[in-house]
Amino acid sequence: MAQYRRVSGSVGLITLQNPPVNALSASVRQGIVDSVKRALGDQKVKSVVICGQNGVFCGGADIREFGRQMSGPPLVPMIHDIEAANKPVVAAIEGSALGGGLELALGCHYRISHSKAKLGLPEVTLGLLPAAGGTQRLPRLIGVPAALNLITTGRHVTAAEALQLGILDHVTEHNTVDVAVKFALSVTGESLDGRRISSFSCAPLSDLDSLFEEAMLKVRGAARGAIAPVACVQAVRAAATLPYAQGMEREKELMATLFHSGQARALQYFFFAQRAVGRWSTPSGARWDTSQPRPVRKAAVIGLGTMGRGITVALAQAGLSVVAVETHAKQLMEAKKAVPSMLKRGAVRGGTTIEPDSITYSETVQAVADVDLVIEAVFEDMALKEKVFQQLSIVCKPDTLLCTNTSSLDVDHLASQTRHPELVVGMHFFAPAHVMKLLEVVYGRRSSPAAVATAMQLGKKMGKVSVAVGNCRGFAGNRMLKRYLEQAFFLLEEGATPELVDRALEEFGFPMGVFRMSDLSGLDVGWRVRKADGLADTSLTGTSARVRQGCRYSPLGDLLCEHGRFGQKTGRGWYQYDKPGGRVAKSDPWLHNFLDEYRARHGLVPRCIDQQEVLERCLFVLINEGFQILEEGIAAGPEDIDAIYVFGYGWPRHRGGPMFYADMVGLERVVERLERYHQAHPNVPYLQPSGLLRRLVANGSPPIHKWRNVIKNRNSQL
Ligand SMILES: CCC[C@H](O)CC(=O)SCCNC(=O)CCNC(=O)[C@H](O)C(C)(C)COP(=O)([O-])OP(=O)([O-])OC[C@H]1O[C@@H](n2cnc3c(N)ncnc32)[C@H](O)[C@@H]1OP(=O)([O-])[O-]
């Protein structure tokens, strides 16, 4: 809807009304069309102001309408009519002017904004382009290079930057609508000839071809297979080379190629998925809307290795006062140098200021006596963590929340070491902890709803996407990753090379294939875990060398570690690097010989493996584990798993996440391929389709937004 009224005698004020972000739904568009008509037809009205209710101008087209039959007046002619109006129209921007919202403002003759507003054309992040004239008007207004930057990245800019770029005419600290109305009165009767952006020409550039070639190269490099950024460049090129009307035709054609694409569906699904994870629930009935988080003003971090330092920075950046504890004097000294410079770099990047004295350092756990929450980030060793939790339980206030950053150890067991197990949860950060967006909040059997709510809220405060998951080995993310890694090792045994596997995964859209990733994070990390689990025994020979606990096992990673090949840090891993710490992976003939010898020793005849098999083996087994996790209630819904994989593991966002990908591929096909691979590899039980996956297929493979019902029905029958 849009409300219309006349104010200050001669200004028609149109207020968009569609909470919470005044998205341009069919009824809002109809409301605007009707109101504009009224204002232009009313002789008493000399100028018009368009604003949004509740301090938000407009969040753009209504994304929920995209999957449906479109109705109501289309945006393009609506904006065109506003621009063609013979009375000045002023956009009064508060909150956000994004996507179609900014396009609407670009159709107005003047734009006035509050200083706190954010503006942008984020359509590319939804697999689209700004197809309500945004690709044609913005370059005409601010020049091709700046428009290319905004449209291909979708980034939001502050009002100050928008003013500097020339998007805005005026920025105010006061009531924006009042200022806009006053302004509208002041321009009454003035000529609008120079105010209609569609009549502008783009500022001439000396070498347009090379500018667009460069832009295309850059965009293709960053897009990892996403098609929308490429279409955005093509649309802006049309603005720079064609008259406005033809440019609009090109914009429409390009939008048509994107609108029904799988990528657009995936990205729009993901837009809602990342918001859905905030509405968490646990199998015991705790929920986001009934659980009260506790206030956390002062927090502590125990252990200042790489993770502990990152967590300290993330907490300080969120405005908390932090006690950073490290019992090893040398490590503490290093952390005291490293943390302030990490903070400084973060402040420069984010344009913020940081209070350096918000962090105090200590060599003893006694220093955490008065904090509200502690995050333990010591070495991944259960005995050590047990000791820390026992100490914390004595030292801390009785109501202090005790969190562990373990990536796979048993949260319930750690809780059992304390006097208040209900106040223990996992907060699993991803390295580097002050940069990575993902936080897995792991609730144990006895974690209270308030403890989960507090950790979730703290994650949000730190700018993370927090996902609540249950306690199991590896939680959701690493548990699924284990299956993916295993398949990659098996593929090497069967004849693939790290290069072939990585290429397939990188062409799929991962920033790094599994072996390059493993070299980056260090092969010794997994080796240590496997050793602790009694798995990494390379003294075994014959068939037993490749079997553990009755299942197929590949000792390849263990063997590499025994050769001192820990990845980038030692200059050798699955690839070779020019020096320890080197970043550029090069194919390593030693590794290929090693694989040949290994296969010969175990009587494995290498075969030709294609990219499709790599993808199906690695990804379908990971997806299958995801279904198992849903079945067990470790994650509440597919959106949780997808958010974990996109934000924590580099799953390409334009493929929506592993569970969405399964939906796209077709659940029947996933089952069929898994069954086939399981037949070929009967000693890999995880290739057997999970019960939930089979049940979904038996239920006619409902779309992903209906999976929760199938899970719920099953749980209610138990
Ligand atoms: C021809 C077409 C051309 C055109 O160029 C295409 C477009 O404009 S494409 C559009 C280009 N525009 C964009 O890409 C902007 C997308 N929006 C945003 O970036 C943020 O929502 C915004 C910054 C506006 C507010 O942030 P915040 O304050 O943290 O709030 P929040 O994020 O938590 O959202 C609150 C609720 O509103 C919901 N919702 C939001 N927007 C839309 C929408 N457009 N539609 C529908 N719903 C929308 C959101 O799902 C959530 O629902 P729920 O049920 O409560 O979970």
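Residues numbered from 1 in each chain as written. Predicted model: local features only at pLDDT ≥ 70, side-chain atom pairs only at ≥ 80, totals over all residues. Heavy atoms only, no water.

The chain carries the name Peroxisomal bifunctional enzyme in an unreviewed UniProt entry, which gives Takifugu rubripes as its organism. Here is the UniProt Pathway (unreviewed entry) comment for the chain, exactly as written: "Lipid metabolism; fatty acid beta-oxidation." Listed under Subcellular location (unreviewed entry) in UniProt, the entry text for the chain is "Peroxisome". (UniProt positions renumbered as here; feature names shortened; annotations may be inferred.)

### Considerations on the environment of Leu129
Checked against the element boundaries, Leu129 lands in the loop between strand 7 (118–120) and helix 4 (134–142). In the structure, Leu129 is positioned 130 residues away from Phe259 in sequence and 8.9 Å away in space, judged by C-alpha atoms. Look past the residues within four positions of Leu129 in its chain and what remains in contact with it is Glu123, Thr135, Ala231, Cys232, Ala235, Glu251, Leu254, Met255 and Leu258. (Helix = DSSP H or I, 4+ residues; strand = E, 2+ residues; numbered from the N terminus. Contact = heavy atoms within 4.5 Å.)

### With respect to the packing of helix 12 (residues 306–317) against helix 13 (residues 329–350)
Across the interface, helix 12 lies against helix 13 with an axial gap of 10 Å and an inter-helix angle of 45 degrees. Accordingly, the angle class assigned to the pair helix 12 and helix 13 is oblique. Here helix 12 and helix 13 pass one another in a crossing that is right-handed. The residues of helix 13 that touch helix 12, namely those facing Arg309, Gly310, Thr312, Val313, Ala316 and Gln317, are Gln331, Glu334, Ala335, Ala338, Val339, Met342, Leu343 and Gly346. Looking at the contact of helix 12 with helix 13 residue by residue, the classes come out as seven nonpolar, five polar and two charged. (Axes fitted to C-alpha atoms, helices over the stretch in contact; angles between N-to-C directions. Parallel < 35°, antiparallel > 145°, perpendicular 65-115°, else oblique. Left-handed = near helix turned anticlockwise from the far one by under 90°. Nonpolar A, V, L, I, M, F, W, Y, C, P; charged D, E, K, R; others polar.)

### Here we look at the UniProt feature "domain: 3-hydroxyacyl-CoA dehydrogenase C-terminal" (unreviewed entry) in the chain
Under the present numbering, the feature "domain: 3-hydroxyacyl-CoA dehydrogenase C-terminal" (unreviewed entry) in UniProt falls on residues 474–577 and 614–701. Segment residues 474–577 splits into 52% helix and 4% strand. End C-alpha atoms: 30 Å apart.

### Remarks on the nonpolar core
Ranked by internal contacts, the top residues of the largest apolar core, which has 106 residues, are Val368, Trp574, Leu619 and Phe627. Of all the elements, helix 23 (residues 611–631) adds the most residues to this core, at eleven residues. Both of domain 2 (298–475) and domain 3 (496–602) provide at least three residues apiece to this core. Each residue touching Trp574, except ones within four places of it in the same chain, is listed here: Phe489, Leu492, Pro498, Phe515, Ser518, Asp519, Leu523, Leu556, Gly557, Leu560 and Leu591. Listed in part, the 69 residues of the second largest apolar core include Leu128, Ala162, Leu168 and Ala264. (Core = buried A, V, L, I, M, F, W, Y, C linked by side-chain atoms within 4.5 Å. Buried < 20%, exposed > 50% of the residue type's maximum accessible area, 1.4 Å probe, protein only. Domains from an automatic or database assignment.)

### A look at the sheet that holds strand 9 (residues 170–172)
The strands that make up a sheet are held in pairs by hydrogen bonds between backbone atoms, and each pair lies either parallel or antiparallel. The mixed open sheet is built from six strands, whose spatial order is 1-2-3-4-6-9. Looking at which strands have only one partner, the edges of the open sheet turn out to be strand 1 (2–7) and strand 9. Direction aside, neighbouring strands of the sheet carry axes that sit 20 degrees apart on average. Note that strand 4 (residues 89–93) and strand 6 (residues 110–114) share four bridges and pair parallel. Bridging from a neighbouring strand, Ala92 pairs with Ile112 of strand 6. Its contacts with the sheet place helix 1 (residues 26–41) against strand 1, strand 2 (11–16) and strand 3 (47–52), and it is angled at close to 25 degrees to strand 1. (Pairing = 2+ DSSP bridges.)

### Side note on the domain arrangement of the chain
Each assigned domain of the chain is listed here: domain 1 (2–260), domain 2 (298–475) and domain 3 (496–602). Between the C-alpha centres of domain 1 and domain 2 there is a distance of 43 Å.

### Quick word on the pattern of salt bridges
A side chain of one charge can pair with a side chain of the opposite charge when the charged atoms of the two come close. Taken as a whole and judged by the stated rule, the model has 41 salt bridges. Between Arg155 and Glu161 there is a salt bridge; the shortest N-O distance is 2.7 Å. Residue class for Arg155 comes out partly exposed when judged on its relative accessible area of 31%. Here Asp370 and Lys298 are joined by a salt bridge, their closest N and O atoms 3.1 Å apart. Of this pair, Asp370 sits in the loop between strand 12 (359–362) and strand 13 (373–376) while Lys298 sits in strand 10 (residues 298–302), and the two are 72 residues apart along the sequence. The network of salt bridges with common partners includes Glu493, Glu494, Arg546, Arg552, Arg607, Glu613 and Arg617. (Salt bridge = Lys/Arg side-chain N within 4 Å of Asp/Glu carboxyl O.)

### Some points on the site of the ligand
Every one of the 25 residues lining the ligand counts as a neighbour, but Ala61, Gly100, Glu103, Glu123 and Arg275 are closest to it. In the model, a nitrogen atom of the ligand is placed 2.9 Å from a nitrogen or oxygen of the Gly59 main chain. Ile63 places a polar main-chain atom, nitrogen or oxygen, 2.9 Å from a nitrogen atom of the ligand. Here the ligand loses 73% of its free accessible area of 1000 Å² to cover by the protein chains. For the shell around the ligand, the elements supplying multiple residues, two or more each, are strand 5 (96–98), helix 3 (100–107) and helix 11 (262–276). For the shell around the ligand, a count of residues per class yields 14 nonpolar, five polar and six charged. (Near = heavy atom within 4 Å. Polar contact = N/O pair within 3.5 Å; in protein donor to acceptor, adjacent residues only side chain to side chain. Areas by Shrake-Rupley, 256 points an atom, 1.4 Å probe, with all protein chains shown as cover.)

### Quick look at the packing of helix 23 against helix 27 (residues 691–698)
At a closest axis distance of 7 Å, the pairing of helix 23 and helix 27 adopts a crossing angle of 90 degrees. Here helix 27 runs roughly perpendicular to helix 23, going by the angle between their axes. Along its contact with helix 23, which presents Asn624, Phe627, Gln628, Leu630 and Glu631, the element helix 27 presents Gly691, Leu692, Leu693, Arg695 and Leu696. In terms of residue class, the contact of helix 23 with helix 27 is made up of five nonpolar, three polar and two charged.

### Things to note about the pairing of strand 3
Of all six residues that make up strand 3, six are buried, and the element is covered over most of its length. Sheet analysis places strand 2 next to strand 3, joined by six bridges and oriented parallel. Looking at strand 3, one finds that Thr15 is bridged to Cys51. Crossover strand 2 to strand 3 through helix 1 is right-handed. (Right-handed = clockwise from strand over helix to strand, strands pointing away.)

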